[in-house]
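Structural features, examined
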Amino acid sequence: MESKLQQNKKIEMFYQRSKEHGMKITPQRTAIYEELLKAKDHPTADDIYKRIVKKIPNISFDTVNRTLLTFSKIGITNVVEGYGQAKRYDPDMDIHHHFRCIHCGSIIDFHSSEFDNITVPDEISKQFTVISKKVVLEGLCSKCRKG
Ligand SMILES: [Zn+2]
Ligand SMILES: [Zn+2]
């Protein structure tokens, strides 16, 4: 569980980035960001919408969807590498890696200093500029392995 301090830091970054990018901080946007911060499951826009509509009944899916897209543009959330399905958002901007269950689609965070420090193959670094390195492992999560 994240400490209150870490959460506050993220909210501060949210205010900071919003200002830098001229995005107005509205109660709805703040609520969407807070809901995203709480989520540990790499939710889709639809997931966030379903959670937030309980608190703000007049919010529209479109608002949630557009807001999340804006968040990712201004660098306050990551989009999990896609597989042609709905975008999944990740509020954790620190380096970490993902385990993805091919059965239920769960995406679980994990940390590995070894994976953080993997070497980029020459043929890649010659052709491209690498700005982030993430390892995605795929398989069956503990729930699906039992089933
Ligand atoms: Zn699973
Ligand atoms: Zn993640």
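Higher on the page you've got the structure.
The structure contained in this document is the topic of the report that follows. Note that the structure is predicted; figures quoted are calculated from it, not measured.

1. Description of the environment of Ile107
- Considering the arrangement of structural elements, one finds Ile107 in strand β4 (residues 107-110).
- Since 18 C-beta atoms lie within 10 Å of it, Ile107 is described here as partly exposed.
- Residues Ile107 and Glu138 lie 31 residues apart in sequence; the distance between their C-alpha atoms is 9.2 Å.
- When neighbours within four sequence positions are excluded, Ile107 is seen to be in contact with His42, Val80, Arg88, His98 and Arg100.

2. Focus on the environment of His97
- If you trace the backbone, His97 turns up in strand β3 (residues 97-101).
- For His97, a count of 16 C-beta atoms within 10 Å translates into the label partly exposed.
- Sequence separation between His97 and Val80 is 17 residues; the distance between their C-alpha atoms is 10 Å.
- Residues within four places of His97 in sequence aside, it is in contact with Phe110, Ser112, Phe115, Lys134 and Val135.

3. Some points on the environment of Gln127
- Its place among the elements puts Gln127 in helix α6 (residues 122-127).
- Judged by C-beta crowding, with 7 C-beta atoms within 10 Å, Gln127 ranks as exposed.
- On a C-alpha basis, the gap between Gln127 and Gly147 in space is 44 Å, while along the polypeptide they are 20 residues apart.

4. Examining the pairing of β3
- Across four bridges, the pairing between β3 and β4 is antiparallel. The partner of Arg100 across the bridge, within β4, is Ile107.
- Two successive antiparallel strands, β3 and β4, enclose a turn made up of five residues, where Gly105 displays a positive phi of approximately 80°.
- Here four bridges tie β3 to strand β5 (residues 136-139), and the two strands are oriented parallel to one another. The residue of β5 that forms the bridge with Arg100 is Glu138.

5. Observations regarding helix α3 (residues 45-52)
- If you check which residues of α3 are buried, you get Ala45, Ile48, Tyr49 and Ile52. All buried residues of α3 fall inside an arc of 100° around its axis, so they share one side.
- Buried residues belonging to α3 abut α2 (27-38) and α4 (61-73).

6. Description of the nonpolar core
- Core analysis: the biggest nonpolar cluster contains 13 residues, and Ile32, Ile48, Val64 and Leu68 have the highest contact counts within it.
- Considering each element in turn, this core owes the most residues, four residues, to α3.
- With residues near it in sequence (within four places) discarded, Ile32 still touches Ile48, Ile52, Val64, Thr67 and Leu68.

7. Some words on the packing of α2 against α4
- Two elements in contact, α2 and α4, have axes whose closest approach is 10 Å; the angle formed by their N-to-C orientations is 70°. With respect to α4, the element α2 is oriented roughly perpendicular. Every residue of α4 that contacts α2 at Gln28, Arg29, Ile32 and Tyr33 is listed here: Thr63, Val64, Thr67, Leu68 and Phe71.
- The residue makeup of the contact of α2 with α4, split by class, is five nonpolar, three polar and one charged.

Conventions adopted
- Residues numbered from 1 in each chain as written.
- Chains lettered and ligands numbered in written order.
- Predicted model: local features only at pLDDT ≥ 70, side-chain atom pairs only at ≥ 80, totals over all residues.
- Helix = DSSP H or I, 4+ residues; strand = E, 2+ residues; numbered from the N terminus.
- Buried ≥ 20, exposed ≤ 12 C-beta atoms within 10 Å, placed from the backbone.
- Contact = placed C-beta atoms within 7 Å.
- Pairing = 2+ DSSP bridges.
- Arc of directions from axis to C-beta.
- Core = buried A, V, L, I, M, F, W, Y, C linked by C-beta atoms within 7 Å.
- Axes fitted to C-alpha atoms, helices over the stretch in contact; angles between N-to-C directions.
- Parallel < 35°, antiparallel > 145°, perpendicular 65-115°, else oblique.
- Nonpolar A, V, L, I, M, F, W, Y, C, P; charged D, E, K, R; others polar.

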